[in-house]
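Each chain is listed here by its residues.
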Amino acid sequence: MAFELHVDADRWRRGLRAVVDATPGIVPVIKGNGYGLGRDLLATESKALGVDTIAVGTYAEVPDALAAFDGDVMVLTPWRPFSTDVVLDDRVIHTLGRVEDVAQLAALKGTIRVVIEGETSMARHGLDRHELAAAVAGLGELQVEGFAIHLPLGSVSGRGGNLGEAESWAAALAASQVETTTLYVSHLNPDELANLRERRPLLDIRPRIGTSLWLGDLGALSVRATVIDSHQVARGERVGYRQRAMPRDGHLLIIAGGTSHGIGLEAPKASAGAVQRGMSLARGGLEAAGFALSPFTIDGKQRWFAEPPHMQASMIFLPASARPPEVGDSVDAAVRFTTATFDAVILD
Ligand SMILES: *Cc1c(COP(=O)(O)O)cnc(C)c1O
């Protein structure tokens, strides 16, 4: 009992299977905190899903991925001559995004598998399309597994989606000397993928997907935080590190989950919904008094921090009008999964 993620395993796995079946060539992305679920769990699930390749964020994440998964492991961060933790292995696929890096990686011994990345409007990494010829000239013995593009979130208003940009990169690839028909894409929605496949039937299009795979069915996931302590408080009573005065009579709840679990002072905006709308009525009251909305829902409402979260616990003010939970009960919490760390991930 602490700050835990409970997974309805059957439901979650049904969702994974549905996404994989609907997305031929999918490359599951497994990076960072493993989308809150943990990288090892996701690598093991990928094995069960039968995919041939997964993608990790960094070289530091490669050894665990190689151990938990038996197929290929693509590294999304481009190789650099100054990278100190590069893993050279037959199952690792490196990303190249600068002309000078191509020749330097090609100078290393052994079979080295790479994807060449193009710089999209995202502008994070990759070669300009005018640099493709120079990159190809330096490839030497490198084994090119494909070309990669990373697009902005298609939902960004005013962009009208990512299909146009993906299509123009497909054309640039076809016109280039890069010898591959495999295009790894990030952030195309299912319609855009279908469209691109239709327009470019000779390309093997491989979508790299994290969020909409692992977190595609949030109803299968629930975050539960244990109430570790509860104290009655009176209006004006001072509590916490900051000795701030309580706004009204009520309860002060000490709940598992703090900064070490990724709980920030601002509750995630993704939790905006009926609860949030209801809360806006109360704003101006506690918010104007300098209180911040916590991610914890108690007696049907998202509640206010009594003070900023501590490392392992949060202090929450519950007004006397609400029914307080018992010590030992758990309450729901809304988290941003990509920054959350749970004491335990439990597959129910
Ligand atoms: C993180 C990442 C992805 C996966 O992104 P999601 O939004 O989680 O699907 C795909 N491609 C690249 C290059 C990434 O860095």
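Our structure's up above, just so we're on the same page.
Residues numbered from 1 in each chain as written. Predicted model: local features only at pLDDT ≥ 70, side-chain atom pairs only at ≥ 80, totals over all residues. Heavy atoms only, no water.

Asks: I tried to follow the pattern of salt bridges on my own but got confused; where do I start?
Replies: Opposite charge on two side chains allows them to pair when their charged atoms are near. The final tally for this structure, using the stated rule, is twelve salt bridges. When salt bridges that share partners are traced, they join Arg80, Arg98, Glu100 and Asp101 into one network. (Salt bridge = Lys/Arg side-chain N within 4 Å of Asp/Glu carboxyl O.)

Asks: I keep staring at the nonpolar core and nothing clicks. Help me out?
Replies: Ranked by internal contacts, the top residues of the largest apolar core, which has 89 residues, are Phe3, Trp12, Leu37, Leu183, Trp214, Ile255 and Phe296. With six residues, the single largest contributor to this core is helix α6 (residues 163-175). In this structure, this core is formed jointly by two domains, domain 1 (9-216) and domain 2 (220-347), each of which donates at least three residues. Residues Leu252, Ile254, Phe291 and Leu293 belong to the second largest nonpolar core, which totals 13 residues. (Core = buried A, V, L, I, M, F, W, Y, C linked by side-chain atoms within 4.5 Å. Buried < 20%, exposed > 50% of the residue type's maximum accessible area, 1.4 Å probe, protein only. Helix = DSSP H or I, 4+ residues; strand = E, 2+ residues; numbered from the N terminus. Domains from an automatic or database assignment.)

Asks: It is not clear to me how the site of the ligand should be interpreted in this structure. Could you clarify?
Replies: Taken together, Val29, Lys31, Tyr35, Leu76, Arg124, His150, Ser186, His187, Arg208, Ile209, Gly210 and Thr211 are the residues near the ligand. For the ligand, an oxygen atom lies 2.7 Å from a polar atom in the side chain of His187. The side chain of Thr211 places a nitrogen or oxygen atom 2.6 Å from an oxygen atom of the ligand. Across the complex, the protein chains shield 89% of the 390 Å² of accessible surface that the ligand would expose by itself. Partitioning the shell around the ligand into residue classes produces four nonpolar, five polar and three charged. (Near = heavy atom within 4 Å. Polar contact = N/O pair within 3.5 Å; in protein donor to acceptor, adjacent residues only side chain to side chain. Areas by Shrake-Rupley, 256 points an atom, 1.4 Å probe, with all protein chains shown as cover. Nonpolar A, V, L, I, M, F, W, Y, C, P; charged D, E, K, R; others polar.)

Asks: In this structure, what is going on with the pairing of strand β10 (residues 221-233)? I would like to understand it.
Replies: Side-chain positions along a regular strand alternate between the two faces of the sheet. Here five bridges tie strand β1 (residues 3-7) to β10, and the two strands are oriented antiparallel to one another. Residue pairing in the sheet places Val7 in a bridge with Leu221 of β10. Across three bridges, the pairing between β10 and strand β17 (residues 330-333) is antiparallel. When the bridges of β17 are listed, Arg224 appears paired with Asp332. (Pairing = 2+ DSSP bridges.)

Asks: Help me understand the side chain of Glu4, please; the structure alone is not making it clear to me.
Replies: Examined against the element boundaries, Glu4 turns out to sit in strand β1. Of the buried charged residues, Glu4 lacks a salt bridge, with Arg224 as the closest side chain of opposite charge at 6.4 Å. Reaching out from Glu4, the side chain makes a polar contact with the side chain of His6 at a distance of 3.0 Å. Apart from the residues lying within four places of it in its own chain, the contact partners of Glu4 are Ser222, Val223, Arg224, Phe342, Ala344 and Ile346. (Lys, Arg positive; Asp, Glu negative; His and termini not counted. Contact = heavy atoms within 4.5 Å.)

Asks: Mind showing me how you'd approach the side chain of Thr23 here?
Replies: Relative to the helices and strands, Thr23 is located in the loop between α1 (9-22) and β2 (27-28). The class for Thr23 is buried, based on a relative accessible area of 9%. Leaving out residues up to four positions away in the same chain, Thr23 has contacts with Leu193, Pro207 and Ile209.

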